[in-house]
Amino acid sequence: MSEGSSNDPHPYLRIRDVTKKFGDFTALRNVSLDVNEGEFVCFLGPSGCGKTTLLRAIAGLDIQTVGSIEQAGVDISALPPSERDFGIVFQSYALFPNLTIKRNVGYGLENRKTPKAEIEARVAELLELVGMPEQGDKYPAQLSGGQQQRVALARALATSPGLLLLDEPLSALDAKVRVHLRHEIKHLQHKLGVTTIMVTHDQEEALTMADRIVVMNEGGIDQVGTPLEIYRRPASPFVADFVGTMNFIPATVSGPDRVSIGGNEINVGEGLNGVGVGSPVTVCIRPEDVTTRDIVGSSANSIETTVDNLEFLGSFYRAQLLTTGNGKAKLLADFSINLIRDIGVEEGKTLSISLPESRLRVFEGSAKTEADI
Amino acid sequence: MLNKLSSFKMTKLVTVAAAAAFVFGVGVKAHAETLTVYTAVEAEDLKKYAARFNEDHPDIEIKWVRDSTGIVTAKLLAEKNNPQADVVWGLAATSLMLLGNEGMLQAYAPKGLDKLDPKFRDSANPPSWTGMDAWVASICVNTVEAAKYNLPTPRKWRDLLNSAYKGHIIMPNPNSSGTGFLDVSSWLQLFGEGGGWTFMDGLHENIARYTHSGSKPCKLAASGEIPIGISFAFRGAKSKAAGAPLDIIIPEEGIGWDMEATSIIKGTKKLAAAKTLVDWSVGEKANKMYNEGYAVIGITALAKPVEHFPPEVASKMIDNDFKWAASNRSRILAEWQARYDSKSDPK
Amino acid sequence: MSNAAALAAQPAASGIKPKLSQDDRIMRGFILMVGVWMTVTVLLPLYAMLSKSFENHDGVFTGIANYIEYFSTPALFYSIENSLFIAIVSTFFTITLAFIFAYGLTRSCIPGKAVFKSIALIPILAPSLLPAISFVYFFGKQGIINEVLMGNEIYGPIGIVMGEVFYTFPHALMILITALSTADGRLYEAAISLRASPMKTFFTVTLPGIKYGLISAIFVVFTLVITDFGIPKVIGGQYNVLATDIYKQVIGQQNFQMGAVVSVVLLFPAIIAFVVDRIVQRKQVALLTARAVPYEPKPLLSFDGIMFAYCCLIGFLIIAVLAMACYASFITFWPYNMTLSLKNYNFDVMDGGGWESFFNSIRMASYTAVIGTIIIFTGAYMVEKAKGFGAVRGTIQFLCILPMAVPGMVLGLAYIFFFNHPDNPLNFIYGTMAILVICTVSHFYTVSHLTAMTALKQMDPEFEAVSASLKVPFFKTFIRVTVPVCMPAILDISIYLFVNAMTTVSAVIFLYSTETNLASVAALNMDDAGDVAPAAAMCMMIVYASATVRIGHALLTRGLAQRTQRWRKR
């Protein structure tokens, strides 16, 4: 995938055409990617998409079948993990249960014949860094999950690796701790400037933490971009569907830059890329981008709908709308509580909405996704 | 036979030496020379045998390797290609004949050979083995148990066919026990082939079970587990001395016997010391020592009666044809096994 | 992008040859060593034995001539039927008795469960000939309650079956307790809410739930019985079975070829049982991974009362068997002089091996425990944790569980053929302590290996990855983390090896030398010579030694648990 390569001529990590096969099963196909120094990159995708396989290939834990990986200008493709330069944190923490927190953190240092005093100072510094200066003499089992994961992080950072690999580090934790630790890790990474790759299946985690997100699907990379790019301009229906909530509305091309949704013609800007008139397309829009305030029939991209269902989700309402005209398309729209009250939206009522041109993505063909159901 | 299976020649001398050093090379201090002696003599007598020998020859230490007759024989055969033993002192003569057939014995005429009863030596000259004492068959009867079941005291082998004894007799399995085999071969010699098997057919009807070892029937009789055990006299005398209510019966027809015998293993590197031991083993002092347990010994003139040992033993010993027994051994055992060692036979 | 297009043109198809790290090389070296060990100590001896069964007395290949001879000799092949009969009957009784006992311990609310369980495990500490000897004193001609048999002989199938039931009871019990403890309480609640009768619940919920454990227990007991040598040897009388036939052929008649043939015959049922057990074990693992709510028995006076009475009865019988052996060993001359004395413990004046054999056993068991544990645990670690090398690891994994299918008698005989061969460079260990230790380690390899594997699989699989990333060699992590964390399993393995080395007879009966006589063999030989009471005394010495070590192990484990409680507790 061409998008995987950045234009930086000297990326810190340079992955080219990496394919990994387990017997007959291809876990990674032809993956290429650049990661720049100091960058925080998230591999995002559903389970089985190959994100962990790619991380383990980078670590040398499961070396790719073909393809090359360079780190800091050195070809590390065939090197065993012990000859690479990285620290790693696993979902299971993998803390040594019979060693104290201090000895866990200092584990890699002790082997390097570092003087004892130096080790102690470094361990103290790291524990301070992860906010646990008082816990050094405890054993892992005496700590909470979040604390254990901080220790694992400190241990991974102890030897000052050039690359930090995080394999679903937060998914074993409960929601609150997870949100809290997200910020801490991001903050720490920013402070230390260590190039970091994190694997996650949680899009929210990726969106909040990453400098760049690599969305993976079925062993390949679908899109690489900043969180905003990924969210705003998903490169494929898969990305659109996987990241955030998305409406997939079947439509037909009706003219230059115009499509018809059940007879309602709307402008889609330059998204059509020369798809011929009459071809089926899918128009995508996020529920929060659907507007209804001050919309009348003559407004740009307006469509008449009826409110089929209203769902209260705490800070907002999610409305399920049905377009009028021939063929009723389903459409989700998020409206604030104020707006619901002001306009008086209720089930069964007709509602004029607008699909702002700048917020639309159009994909060829009639995409069937889970969101259609 | 194990090693005979493999047609490999005796090579690996180094290995053998290493093995010998590894196994037996420890604890050689006080004595100038150590002989490895394989034996089936009862454990409680071994210390006495070595001590008496050392009274005359303190410079030779005896390293005993003791086990039952069958196992010692098997062990010697298994080690045929790299013998570990220097001397065998106290193993059944029939076993030694077997080893002789395999060419494993060193022929040697010890000093004082002429004093031995001719029965107590290999007929070849020089002999490959010399006898120590006779080991005679007998019937051990537990008088208390016999009275309990109203059993008459048997006087002859044929008395044992009386149906009153049904389930009250135990004898050793000749396939595993030397005593068992000497019983069977003596019956075949006494009663003839046909008569012998007929006798055993009848006896089998009364046998409760066959034991693996030869001494067990007498010990079982001694402990009252069975009223009658066909075993050997030496064992019976010992148990009687220990207080068992035993009668040791020497059947009138005559009794089978074997002897404990001595031989040098061919290939020993300590031939001189081995000869010294064998010389001593046929001497007067040794024979008097054998006589402490056994009534019939190699130098007949020295024999004195042994307590609890029936005095008529010597006269009842049959003229045992060891050659015949040895050469017909496998045929007899196969026949015995087919007749009696099968569950299919109703008892 | 142009960049990627250019790279795509490169011959990327050539696969990566991963460079081996120092760790990888060391681990592979160890794995190969384990492979060589298993080959030399199991495969080659078995091969030697197999080929011996196709040779005549002079070592010439004669095809299946020996087998033809075997199957045309009724005295020999009737033993197959006898062995199967004994094994099936004993298995039936053991499983029935052990099942009810295990049911009482897991599904009732009786008091003293821990005590009952400890008593039930006592037979493991004794050599299999102990119950046989004890039964002679109960049911023999001079036995104290021989009327119970109503004129039947204890010497024969009755005695063998009773002995085997005693001997295999704890083995079946442990498997059944595990199976019954993993029940899903929700199924029972469902059954109650559906108003199923207790009988129906038993057949539709309980039995299906423990099906695999039950099958496993059946085959374990079957294998133990059909391969056992001690009990039929002591109390079998005229009733020949395969294991005693091997002994008779080899020791009694020096017919090694026929011994090999009988061994091959005995190998068959053992291998079939082994294969079935392996299949079942695999399925059982899958079953256990399911999430379930543990079943909590509720007090029920009548049921608990019956169960308590039953457990008391079984516990009493087990203790009675042991107590009889103990009592008989102090009797001066049963039945004519019933005064108590230590005469039977004067082993040095008895044929068999003397006190030295007891200390030899202690030494042998200690070496086996220490050396065996090191080899087995390290081997299991390498096989479990090494990367790549799949085919070799798979093969070695198979080799490690193979010994379970090989009966002790067969292994011992195979060792004679292999190690006593004059051309074998390892010939020098023949007749030494070393061959006894090696044979015993191999004989009991599988269970120890599986214990080690279970413990290792519970370790976080990423420890090695973390160590590699921290550039710590794997063996440091092995010593500093794996071994301490697996210490309970390691102690279990060593105690298992020790106790089995103390009690085993079958494999070592062919391998001991006069220098290295063993207590269990001495007991067997003393019984063989008719010295039954001294044999009982020696068996009791073995029980005392095993029990002492077992209690020491329990204390050690408890101490360890306290010491490591801080990091283990969760």
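Quick summary incoming for the structure in this document. (Residues numbered from 1 in each chain as written. Chains lettered and ligands numbered in written order. Predicted model: local features only at pLDDT ≥ 70, side-chain atom pairs only at ≥ 80, totals over all residues. Heavy atoms only, no water.)

A short note on the overall build of chain C
Point 1. Tallying secondary structure elements over chain C gives 23 helices and 2 strands in all.
Point 2. Relative to its length of 570 residues, chain C is compact, with a C-alpha radius of gyration of 26 Å against a globular reference of 25 Å.
Point 3. Each principal axis of the C-alpha atoms in chain C carries an extent, and together these give about 105 × 70 × 50 Å.
Point 4. Out of the 570 residues in chain C, the part that is buried amounts to 58%.
Point 5. At a minimum sequence separation of 6, the contacts of chain C that also span at least 24 residues come to 79%.
Point 6. When the accessible surface of chain C is split by element, carbon and sulfur atoms take 71% of a total near 22,700 Å².
Point 7. Taking the 36 positively charged and 29 negatively charged side chains of chain C as two groups, their mean positions are separated by 17 Å. (Helix = DSSP H or I, 4+ residues; strand = E, 2+ residues; numbered from the N terminus. Rg over C-alpha atoms; globule rule 2.2 N^0.38 Å. Buried < 20%, exposed > 50% of the residue type's maximum accessible area, 1.4 Å probe, protein only. Contact = heavy atoms within 4.5 Å. Areas by Shrake-Rupley, 256 points an atom, 1.4 Å probe, with all protein chains shown as cover. Lys, Arg positive; Asp, Glu negative; His and termini not counted. Charge placed at Lys NZ, Arg CZ, Asp CG, Glu CD.)

Quick word on the environment of C:Phe268
Residue and element names in this part refer to chain C.
Point 1. Within the secondary structure, Phe268 is located in helix α12 (residues 256-288).
Point 2. According to the relative accessible area criterion, Phe268 is exposed, its value standing at 54%.
Point 3. In this structure, the C-alpha to C-alpha distance between Phe268 and Cys400, residues 132 residues apart in sequence, is 19 Å.

What about the pattern of salt bridges?
Residue and element names in this part refer to chain B.
Point 1. In this structure the tally under the stated criterion is 37 salt bridges over all chains.
Point 2. Lys48 is the partner of Asp45 in a salt bridge, and the nearest nitrogen-oxygen pair spans 4.0 Å. Of the two residues, Asp45 and Lys48 are both situated in helix α3 (residues 43-56); the distance of 3 residues between them amounts to about one turn of the helix.
Point 3. Take Lys48: its relative accessible area is 25%, and that puts it in the partly exposed class.
Point 4. Across the salt bridge formed by Lys285 and Asp56, the nearest N and O atoms sit 3.4 Å from each other. Of the two residues, Lys285 sits in helix α11 (residues 284-291) while Asp56 sits in helix α3, which places them 229 residues apart along the sequence.
Point 5. On the accessibility criterion, Asp56 (36% relative accessible area) is partly exposed.
Point 6. The network of salt bridges with shared partners includes Asp45, Lys48, Arg52, Lys238 and Glu292. (Salt bridge = Lys/Arg side-chain N within 4 Å of Asp/Glu carboxyl O.)

Quick look at the sheet that holds strand β5 (residues 74-75) of chain A
Residue and element names in this part refer to chain A.
Point 1. One open sheet accounts for 4 strands, arranged β2-β1-β4-β5; its pairing is antiparallel. Each edge of the open sheet is held by one strand with a lone partner, namely β2 (25-35) and β5.
Point 2. Pairing of strand β1 (residues 13-22) with β2 involves 7 bridges; the strand directions are antiparallel. Each residue of the ladder has a partner; that of Leu13, found in β2, is Val35. (Pairing = 2+ DSSP bridges.)

Side note on the interface of chain C and chain A
How big an interface is tends to be stated in terms of accessible area lost as the parts join.
Point 1. In this complex, chain C contributes 39 residues to the contact, which on the side of chain A involves 47 residues.
Point 2. Counting the surface lost from both chain C and chain A, the interface buries some 3,700 Å², and carbon and sulfur atoms represent 57% of this.
Point 3. For the pair chain C and chain A, the interface holds 3 salt bridges.
Point 4. The residue A:Glu110 makes a salt bridge to C:Arg480 at a minimum N-O spacing of 3.1 Å.
Point 5. Taken together, the connections running from chain C to chain A amount to 13 residue pairs in polar contact (both at pLDDT 80 or more).
Point 6. Of all the secondary structure elements, the ones that give two or more residues to the side of chain C that touches chain A are α1 (2-9), α19 (463-469), α20 (474-485) and α23 (532-568) of chain C. (Buried area = accessible area lost by both parts, 1.4 Å probe. Polar contact = N/O pair within 3.5 Å; in protein donor to acceptor, adjacent residues only side chain to side chain.)

A few points about the interface of chain C and chain B
Point 1. On the chain B side, the residues contacting the 63 residues of chain C number 64 residues.
Point 2. Taking both partners together, chain C and chain B bury about 5,400 Å²; carbon and sulfur atoms supply 52% of that area.
Point 3. Joining chain C to chain B, the criterion identifies 3 salt bridges.
Point 4. Where B:Arg209 meets C:Glu153, a salt bridge forms, and the shortest distance between an N and an O atom there is 3.9 Å.
Point 5. For the interface between chain C and chain B, the tally reads 13 residue pairs in polar contact (both at pLDDT 80 or more).
Point 6. Elements with a minimum of two residues in the side of chain C that touches chain B: α4 (74-107), α10 (230-235), α11 (242-252), α12, α16 (408-419) and α22 (519-528) of chain C.

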